[in-house]
Amino acid sequence: MKDALAIHRWLLAHQIHHEIVRLPRAMTCADELPEVLSASPATCVEVTVFEVTTRIGREPAAVVASVGSPPRPDMIGGILGARRVRPASAFTVNSATDYASGLVCPLLLPRELTVLVDERLGTTSELVYTPTGERRTALLIRGDHLVTLISGKTVDLARPRSRREPVTFPLAG
């Protein structure tokens with residue numbers, strides 16, 4: 001499993017200004033970040049993993065958005081052209097992301113994982129918090145820097161989309 005130290009080293013290697021924040025108490029999922037840090041839900045970022053069923057089969061897909069604007073499964077289904085979208089099991093989250101379920105950091109996700117990023121995150125130079133895979137730490141980084149470091153497709157999660165206009169992804173390889 002990836003942790004705060006792996007993220008810290010990777011960010012140092014890329015010379016990205018950041019801070020690993022020690023939390024006053026342990027958390028079990030990213031939804032608790034605003035309460036634990038006394039921060040606005042809009043400044044806390046979470047990764048939600050869904051199990052997506054398409055014509056080809058079933059696969060996990062990760063969505064990076066603020067805790068204050070969580071992704072809706074029907075919207076993700078419209079974006080990916082999926083027949084069915086449901087929250088992924090903890091086992092699927094752990095194996096697809098290499099992070100603890102509920103504490104997934106948007107950085108260092110596997111290249112083969114489909115990742116959608118809410119475009120609203122990249123419009124701010126405000127500092128945001130995100131989990132690190134550990135219960136007692138969080139990452140503090142500028143929102144626009146975070147979005148540029150995530151290997152995923154930036155999409156508009158604020159606009160409803162029909163299932164007929166899916167987002168296309170380059171083939172992983």
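Look up: the structure comes first, before these words.
Residues numbered from 1 in each chain as written. Predicted model: local features only at pLDDT ≥ 70, side-chain atom pairs only at ≥ 80, totals over all residues. Heavy atoms only, no water.

*Asks:* Honestly, the nonpolar core in this entry has me stumped. Any pointers?
*Replies:* Side chains of a nonpolar character, in soluble globular proteins, are inclined to be buried together. Core analysis: the biggest nonpolar cluster contains 27 residues, and Leu11, Val64, Leu107, Val115 and Ile141 have the highest contact counts within it. Listing elements by their share of this core, those giving two or more residues are helix H1 (4-13), strand E2 (45-53), strand E3 (58-66), helix H4 (90-97), strand E5 (114-118), strand E7 (137-142) and helix H5 (143-149). If we skip the residues at most four places from it in the chain, Val64 touches Val45, Glu46, Val47, Pro106, Val115, Leu116, Val117, Asp118, Leu121 and Ile150. Core analysis: the next-biggest nonpolar cluster, separate from the first, contains 14 residues, Phe50, Ile79, Leu80 and Leu116 among them. (Core = buried A, V, L, I, M, F, W, Y, C linked by side-chain atoms within 4.5 Å. Buried < 20%, exposed > 50% of the residue type's maximum accessible area, 1.4 Å probe, protein only. Helix = DSSP H or I, 4+ residues; strand = E, 2+ residues; numbered from the N terminus. Contact = heavy atoms within 4.5 Å.)

*Asks:* Explanation requested: the pattern of salt bridges in the structure shown.
*Replies:* Where side chains of opposite charge bring their charged atoms close, a pairing between them can arise. Applying the stated rule across the entire model yields six salt bridges. The partner of Arg120 in a salt bridge is Asp118, with the nearest N and O atoms 2.6 Å apart. Judged by relative accessible area, Asp118 falls into the buried class, the value being 2%. (Salt bridge = Lys/Arg side-chain N within 4 Å of Asp/Glu carboxyl O.)

*Asks:* Can you help me understand unusual backbone geometry in this one?
*Replies:* Negative phi values dominate among residues other than glycine, just as trans dominates among peptide bonds. Phi is positive for Ser38, close to 55°, though the residue is something other than glycine. Relative to the helices and strands, Ser38 resides in the loop between helix H2 (33-37) and E2. For Ser38, a relative accessible area of 71% translates into the label exposed. Here the phi dihedral of Leu108 falls at roughly 65°; this positive angle occurs in a residue that is not glycine. Relative to the elements of secondary structure, Leu108 occurs in the loop between H4 and E5. With relative accessibility at 23%, the residue Leu108 sits in the partly exposed group.

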